[in-house]
Amino acid sequence: MATAPQPQLPLFYKDLMPLNSRDHADWKVANFEDASFLANTHAIPLTVDEFVDAQRNYPIVFTANDTPLPIALMGLNEGVNTFIDDNGKLEAGVYVPAYIRRYPFILAKLQANSEEMSLCFDPEAGVVGKDKEGQTLFVVAADNDVTAREAKRTELQNAGQADAAAALPTIKAGDVVPTQYTDDVLEFCRRFETSGQRTKAFLDQLNELDLMMDGEIAITRNDMPDKPFVYRGFRMVDEKKLRELPTEKVEELNKSGMLMLIHAHLFSMNLMRMVFERQSAQGKVPMPEAAS
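Notes on the structure follow. (Residues numbered from 1 in each chain as written. Predicted model: local features only at pLDDT ≥ 70, side-chain atom pairs only at ≥ 80, totals over all residues. Heavy atoms only, no water.)

1. Things to note about the overall build of the protein chain
Along the protein chain, the regular secondary structure elements total nine helices and 13 strands. By principal-axis analysis of the C-alpha atoms, the protein chain measures approximately 75 × 50 × 35 Å. Burial statistics for the protein chain: of 292 residues in total, 43% are counted as buried. Restricting to contacts in the protein chain with at least 6 residues of sequence separation, those with at least 24 account for 72%. Surface accessibility of the protein chain: about 16300 Å² in total, with carbon and sulfur atoms responsible for 49%. Of note, the protein chain has its 30 positive side-chain charges centred 1 Å away from the centre of its 44 negative side-chain charges. (Helix = DSSP H or I, 4+ residues; strand = E, 2+ residues; numbered from the N terminus. Buried < 20%, exposed > 50% of the residue type's maximum accessible area, 1.4 Å probe, protein only. Contact = heavy atoms within 4.5 Å. Areas by Shrake-Rupley, 256 points an atom, 1.4 Å probe, with all protein chains shown as cover. Lys, Arg positive; Asp, Glu negative; His and termini not counted. Charge placed at Lys NZ, Arg CZ, Asp CG, Glu CD.)

2. What to know about the sheet that holds strand E8 (residues 128-129)
Strand order in the open sheet formed by three strands is E8-E2-E9, and the pairing between neighbours is antiparallel. The sheet is open, and its two edges are formed by E8 and strand E9 (135-136), each paired on a single side. (Pairing = 2+ DSSP bridges.)

3. Regarding the side chain of Arg 102
Summarising the element assignment, Arg 102 is placed in helix H2 (residues 98-102). For Arg 102, a relative accessible area of 5% puts it in the buried group. Side chain to side chain, Arg 102 and Tyr 13 meet in a polar contact 3.4 Å long. If we skip the residues at most four places from it in the chain, Arg 102 touches Tyr 13, Phe 188, Cys 189, Phe 192 and Glu 193. (Polar contact = N/O pair within 3.5 Å; in protein donor to acceptor, adjacent residues only side chain to side chain.)

4. Quick word on the packing of helix H5 (residues 180-208) against helix H8 (residues 258-268)
Between H5 and H8, whose axes approach to 12 Å, the crossing angle comes to 85 degrees. One way to sum up the angle between H5 and H8 is to call them roughly perpendicular. Seen from H5, the contacting residues are Phe 202, Gln 205 and Leu 206; seen from H8, they are Met 258, Leu 261 and Ile 262. Among the residues making up the contact of H5 with H8, the classes are represented as five nonpolar, one polar and no charged. (Axes fitted to C-alpha atoms, helices over the stretch in contact; angles between N-to-C directions. Parallel < 35°, antiparallel > 145°, perpendicular 65-115°, else oblique. Nonpolar A, V, L, I, M, F, W, Y, C, P; charged D, E, K, R; others polar.)

5. Things to note about the nonpolar core
Counting 58 residues, the largest nonpolar core has Phe 51, Phe 105, Phe 202, Leu 206 and Ile 262 as its most contacted members. Going through the elements one at a time, helix H1 (51-54), strand E4 (60-63), H2, strand E6 (105-109), strand E7 (117-121), H5 and H8 are the ones with two or more residues in this core. Not counting the four nearest positions on each side in its chain, Phe 51 is found in contact with Leu 46, Ile 60, Phe 62, Pro 70, Phe 202, Leu 261, Ala 264 and His 265. Counting residues in each nonpolar core, the second largest holds 17 residues, with Phe 229, Phe 234, Met 236 and Val 275 among its members. (Core = buried A, V, L, I, M, F, W, Y, C linked by side-chain atoms within 4.5 Å.)

6. What about the pattern of salt bridges?
Taken as a whole and assessed by the stated rule, the structure comprises 17 salt bridges. Here Arg 101 makes a salt bridge to Glu 50, at a shortest N to O gap of 3.9 Å. One end of the pair, Arg 101, is in helix H2; the other, Glu 50, is in the loop between strand E3 (43-45) and H1, and 51 residues separate them in sequence. Its salt-bridge partner being Lys 240, residue Glu 244 comes within 2.6 Å of it at the nearest N-O pair. The exposed category is assigned to Glu 244, whose relative accessible area is 51%. (Salt bridge = Lys/Arg side-chain N within 4 Å of Asp/Glu carboxyl O.)

7. Comments concerning the pairing of strand E13 (residues 224-237)
Taken residue by residue, a regular strand's side chains alternate between the two faces of the sheet. Sheet topology places E4 next to E13; two bridges connect them, and they run antiparallel. Its bridge partner lying in E13, Phe 62 is registered against Arg 235. Count of turn residues in the strand E12 (residues 212-221)/E13 antiparallel hairpin: two residues.

8. Topic: the packing of aromatic side chains
The final tally for this structure, using the stated rule, is 13 aromatic pairs. Relative to Tyr 99, the ring of Phe 12 lies with its centre 5.6 Å away and its plane at 55 degrees, an arrangement referred to as tilted. Remark: Tyr 99 occurs in helix H2 and Phe 12 occurs in the segment before strand E1 (17-18); sequence separation between them is 87 residues. Residue class for Phe 12 comes out buried when judged on its relative accessible area of 9%. For the pair Phe 37 and Tyr 103, a centre-to-centre distance of 5.0 Å together with 35 degrees between the ring planes defines the contact as tilted. (Phe/Tyr/Trp six-rings, centres within 6.5 Å; stacked < 30°, edge-to-face > 60°.)

Okay, structure coming up:
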């Protein structure tokens, strides 16, 4: 079984394998027993579609590199995730970023010179395999499956989605086809990619308006008032520049929904102290001279 090209794998992924009905016809997907795979990760990639939900639990900042990305901070220091307990369980009730929910699946290019993306999975995740108990990935099509597929094609055509109808593969009884679960995973990954495109457009506009600034936050503890814990190495929206935008530009941002996203980001910054206090309570705060 061939693996996908992987010059640099995304966060969490140790390997990528294209999912296909020939090699994985009888494979299943089990649930993760815990969230230990993200226990040592303090920053999780976000899309703009998640800002409103994520800002209730995590500070949202932007990476400080040439291609900044929004991230949710689950900890303020490398290797610290304050939302994962000692048993590897994620705290109940908090928003789970789509990047986490997507794992171990992902859409990836199998050939560097092609724009076509295929559904892949990380075989090292330990939850996809022939000997697993869980969701079935493929099934042998019956006559009713063929009928349902053609009905779906007609539905798409009637809804004016000709491209989607044409992209729907024709099947016949006896074919090994993806289950509804696999179709749902593929659709989730496609939506994630689309959200990523909207996120890029959002960041492009922030840069075009020159609204970004290097971030820095100093937090003091009551027992150490003279030794602030200073955190840098991220970017954020400059509130002063935002206030100085022309009225017509602010109205434009408001109509596009971008202003709401900016405010969600800025409101979330108040949670930096909350995450710091979580780290402190867990004994995971380095002394000020070692803070980053």
